[in-house]
Every structure is written in C-alpha cells, then in structure tokens.
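# Commentary on secondary and tertiary structure
What follows is each chain in one-letter form.
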Amino acid sequence: EICRRDGSVGRTVPGIAVLTMDPDSGALLPQGRTGLLIVRSPARMAGYLDQEELTRKAFVHGGYDTGDIGHVDADGFVFITGRLARFAKIGGEMVPLDRVQDALSQALAGHFPEHALALAVSAVPDPGRGERLVVLHTGLPCTSDESLAFLVGLPPLFCPRAADFRQVDAHKSALVFRPAQLAQLLFYGFQRLFRLFGDDLFDLEGMHRFVAIFVLG
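Residues numbered from 1 in each chain as written. Predicted model: local features only at pLDDT ≥ 70, side-chain atom pairs only at ≥ 80, totals over all residues. Heavy atoms only, no water.

## Some thoughts on the overall build of the protein
On a plain count of helices and strands, the protein comes out with six helices and 11 strands. Sorting the 217 residues of the protein into buried and exposed places 38% on the buried side. Long-range contacts, defined as pairs at least 24 residues apart, comprise 57% of the intrachain contacts of the protein with a sequence gap of at least 6. For the protein, the accessible surface area stands at approximately 12500 Å², while carbon and sulfur atoms represent 54% of it. (Helix = DSSP H or I, 4+ residues; strand = E, 2+ residues; numbered from the N terminus. Buried < 20%, exposed > 50% of the residue type's maximum accessible area, 1.4 Å probe, protein only. Contact = heavy atoms within 4.5 Å. Areas by Shrake-Rupley, 256 points an atom, 1.4 Å probe, with all protein chains shown as cover.)

## Overview of the side chain of Ser8
For Ser8, the location among the structural elements is in the segment before strand 1 (10-11). Separated by 2.8 Å, the side chain of Ser8 and the backbone oxygen of Val78 make a polar contact. (Polar contact = N/O pair within 3.5 Å; in protein donor to acceptor, adjacent residues only side chain to side chain.)

## Considering the environment of Val152
One can find Val152 in the loop between helix 3 (144-149) and strand 11 (165-167). For Val152, a relative accessible area of 75% corresponds to the exposed category. Separated by 45 residues in the primary sequence, Val152 and Ala107 place their C-alpha atoms 8.6 Å from one another.

## Some details on the side chain of Thr55
Mapped onto the fold, Thr55 is located in helix 1 (residues 52-58). Ignoring sequence-local partners within four residues, the contact set of Thr55 consists of Ala46, Gly47 and Tyr48.

## Looking at the pairing of strand 10 (residues 130-137)
Along a regular strand, successive side chains alternate from one face of the sheet to the other. For strand 10, a buried count of six out of eight residues is recorded, marking the element as mostly surrounded by other parts of the structure. As judged from the eight bridges shared by strand 9 (residues 119-126) and strand 10, these two strands associate in the antiparallel manner. From the neighbouring strand, Ser122 faces strand 10, where its bridge partner is Val134. Direction of pairing for strand 10 relative to strand 11: parallel, over a ladder of three bridges. Within strand 11, the position partnered with Val135 by the bridge is Phe165. Read as a crossover between parallel neighbours, the route from strand 10 over helix 3 to strand 11 is right-handed. (Pairing = 2+ DSSP bridges. Right-handed = clockwise from strand over helix to strand, strands pointing away.)

## Some words on empty space enclosed by the protein
What the rule picks out here adds up to one cavity of 30 Å³ or more. Of the voids in this model, the largest cavity is the one considered here, and its volume is about 40 Å³. Around the largest cavity sit Ile90, Arg129, Arg132, Leu133, Leu157, Cys159, Pro160, Arg161 and Asp164, which together line it. For the lining of the largest cavity, the per-class residue count stands at five nonpolar, no polar and four charged. (1 Å grid on protein atoms, 1.4 Å probe; cavity = no way out; pocket = protein on both sides within 12 Å on 5 of 7 lines; lining within 4 Å. Points joined across faces, edges and corners; volume = space filled by probe spheres on them. Nonpolar A, V, L, I, M, F, W, Y, C, P; charged D, E, K, R; others polar.)

## Comments concerning the nonpolar core
Counting 19 residues, the largest nonpolar core has Ala88, Val95, Leu104, Val121 and Leu133 as the members making the most contacts within it. When contributions to this core are tallied by element, the ones reaching two or more residues are strand 7 (87-90), helix 2 (97-111), strand 9 and strand 10. The element best represented in this core is helix 2, accounting for four residues. Among all residues touching Ala88, those that are not within four sequence positions of it are Glu93, Met94, Val95, Leu97, Ala123, Glu131 and Leu133. (Core = buried A, V, L, I, M, F, W, Y, C linked by side-chain atoms within 4.5 Å.)

## A word on the pairing of strand 7
Sheet analysis places strand 7 next to strand 8 (residues 93-96), joined by four bridges and oriented antiparallel. Residue pairing in the sheet places Phe87 in a bridge with Pro96 of strand 8.

## Side note on the sheet that holds strand 11
The strand order across the open sheet formed by three strands is 9-10-11, and the pairing between neighbours is mixed. Each having just a single partner strand, strand 9 and strand 11 make up the two edges of the open sheet. Between one strand and the next, the sheet's axes are offset by a mean angle of 35°, whatever the strand orientation. Against the sheet, helix 2 engages strand 9, strand 10 and strand 11, with an angle of about 140° to strand 9. (Axes fitted to C-alpha atoms, helices over the stretch in contact; angles between N-to-C directions.)

## Section: unusual backbone geometry
Even without glycine at this site, Asp50 takes up a positive phi of about 60°. You can see Asp50 is positioned in the loop between strand 3 (35-40) and helix 1. Even without a glycine there, the phi angle at His61 is positive, about 50°. Looking at the secondary structure, you find His61 in the loop between strand 4 (59-60) and strand 5 (63-72).

Following this line, the structure appears as structure tokens:
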C-alpha cells in the first residue's frame with residue numbers, strides 16, 4: 001500500500017471525502033481535475049453563529065468550501081496548490097500568482113543581488129481573457145522586457161506582459177515595512193483600490209503613491 005506521495009498533504013481518514021469544484025460554475029469536477037477543494041465530514045460544523053449569509057457561502061455540495069485550490073489523485077492523495085484568492089483565471093486556466101511572483105522575485109534577486117526590490121503580482125479583469133497579470137514594483141533594476149527574459153521554466157500563460165509592469169512610489173512605506181511585508185501590502189492595497197476605481201486606477205496620478213495612501217488612509 002502507498003502510504004505517502006511527494007507534494008501531497010496525504011489522504012483523508014475514513015468518513016471524510018474531499019471533492020473538487022469549478023470555482024466559476026460551481027459544478028463538481030472529475031477526480032484528478034484541479035479546482036476548489038470541498039470537504040465533506042460528519043464532524044462538520046453546522047454553520048456560523050448568526051451569520052446566515054456567511055454560512056450559505058461556506059457550505060456547498062454538502063461540504064465545506066475550504067478556499068483552497070488543488071486536486072485529488074486516483075489513489076486519494078490530496079494536493080493543495082494554493083488559495084483561490086491568489087489565483088488568476090486567464091483563458092480558462094488557473095494561474096498561481098504566488099508562483100509567478102516568486103519566480104520573478106528570485107530571478108531578479110539572482111541577477112541583481114545588491115538591488116533592494118519589493119514586488120507583487122496581482123490580477124485585474126481583462127475583456128479578452130477574463131483576467132490578466134499586473135506586476136507592481138518599487139523600481140526594477142532593468143527594463144520590464146529584460147525582467148521577463150529572466151523567467152525560465154514558466155508557461156507562456158504565466159508570464160505577464162511588459163506593458164503591465166507598474167512602478168509605485170513606496171518610499172514612505174519602505175521605511176516601515178520589510179520587502180516581504182511590502183510585497184503583501186502592494187498586492188492587497190492594489191486589490192482594494194482596483195475594486196474602487198477599476199481600470200481607471202492606471203490613469204490616476206495617485207496610482208504611483210497608492211501604497212502610501214493605503215497605509216495612511
């Protein structure tokens with residue numbers, strides 16, 4: 001019997017089932033397909049106290065919506081790829097933002113070890129492909145085209161366009177936050193402002209100072 005599998009978090013105990021669901025349509029997916037992980041268990045909680053709307057969203061297909069993206073293989077091993085909030089849906093494919101962000105950060109750090117840089121990869125709506133990637137950074141040591149040339153091993157779909165690299169003025173925040181913290185701030189601050197302004201965010205004079213705006217309110 002196979003007891004473990006590299007990259008897997010293991011198999012469920014008897015009585016618990018893990019299913020995958022299409023995050024857009026809500027339909028259950030065949031075994032092996034990547035989707036939103038749903039856990040069915042007799043020990044599942046009944047719901048959130050006095051939070052009917054939250055309870056309704058949390059429970060689907062008789063199970064709990066974990067918010068994790070992953071799949072279950074033919075032997076029942078569960079693989080977790082990441083969080084739904086950290087994926088982009090581009091051309092019908094799920095693109096992990098963390099993987100793109102880590103690959104780009106590591107590539108630039110490897111070529112320019114003396115350059116202090118914070119960057120974050122986010123996603124915004126795109127009329128042609130559903131979403132597109134946007135790279136927010138505090139100042140690249142080279143051009144965006146050169147930065148993309150350093151990405152080796154990523155599928156073409158995972159590579160942002162050079163035109164979607166956006167520099168932000170984060171000097172005030174950089175005095176307080178370490179690069180890793182600032183990268184998270186870039187991502188969540190950008191998401192917050194994009195929900196308010198949409199594509200117009202790219203045309204705002206304040207775009208290049210949005211991190212300071214997010215911090216200072």
